[in-house]
Amino acid sequence: MHENKGVAIQLCNKDFLNNFNPDFLALYDLNTWDKSMGPKDRLNLVREATVDAIFIDSSLSYNTDSLLCWGAALKTGGYIILEAIDHCNPEMLADNLETVFEYLPVSENTNIWILRKKVLITKELLIQNLHHQLANHAITDYRAQNALNQLEQGYPYDDLAPYTRAQICNMQGLTEAAVSTWNNYFFRNPQPNKHYFTIMQRLIAGEYYRGFKQRELFYRDFHPIRSTIPPSSEILNKRWKGESLLGKRLVVWSEFGFGDEIMFSQLAHYLKSQQPKQLIFIVQPPIVDIIKSHPDIDVVISSNEWHDQHIEFDYWVYPHSILAHVTEPFDTLPKRIPYLFADPALIDKMAQRINKTEGLKIGLAWRGSSEHENDIHRSIHDLTQVESLLSKTSHHWFCLQKDLNEAERSLMAHYQIPLIGPTCQNFSDTAAAIANLDLVVTVDTSIAHLAGAMNIPTFLMLAFIKDWRWGFKENNLWYPSIRAFHQRAPLYWPTVIEEIIEAIKQFTSK
């Protein structure tokens, strides 16, 4: 590469270069495209902001996403140099992508269109603006849409913009449009892990059969990711793929977190309706006792004791894989609600810690494990929001959260809220506490799954960036007793807190 020369990529034949003065071309080191750069219509493997010019002739078909990808490769002030094509207005093209490009007319050659990359607003400022517009205006308001377009155009590989766009589509009931949003993003950023977003969109829309089938293709045999006790090679051939369970022994394998195992144990009732000889669940130690309360599960084994057991079985299956082999819509499957039950002796014991006073008794959890991949969004880290909830409701609150930091303990002490969570040794204790309450208010933690499985009235505070399990509506497919309250903008809890306060008033008046 020659010193002081710009870097250019040639996505055109040599004839197109004849349109340019040799002195102009001499300003660049022309790099002929090769596959290490990514597809021609994306160049997504080129390091961002490293290219000074891209030459493109009319033989290359492109779209808006192509232009955004090429723009990402350009340095500020760099050029996309296009051969003119029919039925396209270059000025309108630039105006539609005004966050990134400005159109430079070339008076001496109408066969050439030039788009120059502008100085971009920083991603942080664009995200702040998007949050502000979503928090203060309707999702369809032009200010919110403009903020979304600016982020997506300026930073086409960032996933917040497509996530937000998909969420807006979901809120409007446009689930296929939401899928298209993720497909467009996958075009710009075709990495295998990005395809996962499309799968999650299928699931959040309740399209379980197709979504879980795609999920199985995605995860395939990533057993160490799925389970703390990956199945041995000797039993892989016994993996259930939808075969008849009549008279067979089925093991439902331990997979992912506590909430996952509680949630998918609901499917035991459906599996039992298939008349297996024996239904066995392997679950993680803290939930063994509570899962044993499920009337449809014959045997419950702790995951840390599985290797010491010598149980004969015909098939095994991961919980998340079950619905990949069930074509019947989830809402028509036979269900048992509730399906988990607290121990009566533990309920009586926990009643001694939960005051039998008049008035509403509410359990509260505002934060999950800090190790969760989405903890920054799903948990309420600003304690002023928690205090706002407590200060505006005059009911009996009980802290169900297990781990508290010093500031949280101080807040609970200020409002004289008993710390129930830290005294619970396992989920059976937590279930006994919940059974003594009238209502649970929680963020997305295993407590929500447990309360839902017990059919306890629950107000669920959901982040804008949330898990597929909760969908995007107020009601939940899995848990009839759960009512969801959704953030209208990322990390913005005030409106959720206000809605919870009003909902508690309504709940009290019933």
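Whatever comes next refers back to the structure up there.
Residues numbered from 1 in each chain as written. Predicted model: local features only at pLDDT ≥ 70, side-chain atom pairs only at ≥ 80, totals over all residues. Heavy atoms only, no water.

Caption draft 1: Seen up close, helix α3 (residues 64-73). Among the ten residues of α3, nine are classified as buried, and the element is accordingly described as predominantly covered. Within α3 the residues assigned to the buried category are Asp-65, Ser-66, Leu-67, Leu-68, Cys-69, Trp-70, Gly-71, Ala-72 and Ala-73. Of the residues flanking the start of α3, the one acting as N-cap is Asn-63, its side-chain oxygen 3.0 Å from the backbone nitrogen of Asp-65. (Buried < 20%, exposed > 50% of the residue type's maximum accessible area, 1.4 Å probe, protein only. Helix = DSSP H or I, 4+ residues; strand = E, 2+ residues; numbered from the N terminus. Polar contact = N/O pair within 3.5 Å; in protein donor to acceptor, adjacent residues only side chain to side chain.)

Caption draft 2: Quick look at the pairing of strand β4 (residues 74-83). Of the pairings in the sheet, the one linking strand β3 (residues 51-56) to β4 comprises five bridges and is parallel in character. Counted as the bridge partner of Val-51 is Leu-74 from β4. (Pairing = 2+ DSSP bridges.)

Caption draft 3: The arrangement of the packing of aromatic side chains in detail. Inspection of the entire model under this criterion finds 33 aromatic pairs. Ring centres of Phe-16 and Phe-20 lie 5.4 Å apart, and the angle between their planes is 85°; this geometry places the pair in the edge-to-face category. Of the residues examined, Phe-20 reaches a relative accessible area of 12% and is grouped as buried. Ring centres 5.5 Å apart and planes at 85° place the aromatic pair Phe-218 and Tyr-219 in the edge-to-face group. Phe-218 sits in the partly exposed class, given a relative accessible area of 23%. (Phe/Tyr/Trp six-rings, centres within 6.5 Å; stacked < 30°, edge-to-face > 60°.)

Caption draft 4: Up close: the side chain of Ser-388. Positionally, Ser-388 belongs in helix α17 (residues 383-391). For Ser-388, a relative accessible area of 18% translates into the label buried. Discounting residues that sit within four places of it in the chain, Ser-388 has contacts with Ile-497 and Ile-501. (Contact = heavy atoms within 4.5 Å.)

Caption draft 5: Here's a closer look at the sheet that holds strand β14 (residues 458-462). Strand order in the open sheet formed by five strands is β12-β11-β13-β14-β15, and the pairing between neighbours is parallel. Each end of this open sheet is capped by a strand with a single partner; those strands are β12 (396-399) and β15 (482-486). Strand-to-strand twist in this sheet, taken as the mean axis angle between neighbours without regard to direction, amounts to 20°. Bridge count for strand β11 (residues 361-365) against strand β13 (residues 439-443) is four bridges, and the pairing is parallel. Residue pairing in the sheet places Gly-363 in a bridge with Val-440 of β13. (Axes fitted to C-alpha atoms, helices over the stretch in contact; angles between N-to-C directions.)

Caption draft 6: Structural detail: the pattern of salt bridges. Going through the model one piece at a time under the given rule, you end up with 23 salt bridges. In this structure, Arg-226 and Glu-255 form a salt bridge, with 2.8 Å as the shortest nitrogen-oxygen distance. Highlighted residues: Arg-226 in helix α11 (residues 223-226) and Glu-255 in the loop between β7 (249-252) and α12 (258-264), separated in sequence by 29 residues. The exposure class assigned to Arg-226 is buried, which follows from its relative accessible area of 0%. Residues participating in the shared-partner salt-bridge network are Glu-216, Asp-221, Arg-226, Arg-239 and Glu-255. (Salt bridge = Lys/Arg side-chain N within 4 Å of Asp/Glu carboxyl O.)

Caption draft 7: Representation of the nonpolar core in the model. Leu-250, Leu-323, Ile-434, Leu-450, Trp-468 and Trp-478 are the most contacted members of the largest nonpolar core, which totals 69 residues. For Trp-478, the residues in contact, after removing those within four places along its chain, are Tyr-208, Met-263, Phe-264, Gln-266, Leu-267, Leu-323, Phe-330, Ile-337, Trp-468 and Arg-469. With 28 residues, the next largest nonpolar core counts Leu-364, Leu-390, Leu-411 and Ile-417 among its residues. (Core = buried A, V, L, I, M, F, W, Y, C linked by side-chain atoms within 4.5 Å.)

Caption draft 8: Molecular detail of the side chain of Lys-117. Following the sequence through the fold, Lys-117 ends up in strand β6 (residues 112-117). Glu-48 provides the closest opposite charge to the buried, unpaired Lys-117, separated from it by 6.6 Å. Within the structure, the side chain of Lys-117 is placed 2.8 Å from the backbone oxygen of Gly-71, a separation counted as a polar contact. Among residues more than four places away in sequence, those in contact with Lys-117 are Gly-71, Ala-72, Leu-74, Lys-75, Thr-76, Gly-77, Gly-78, Val-100 and Phe-101. (Lys, Arg positive; Asp, Glu negative; His and termini not counted.)

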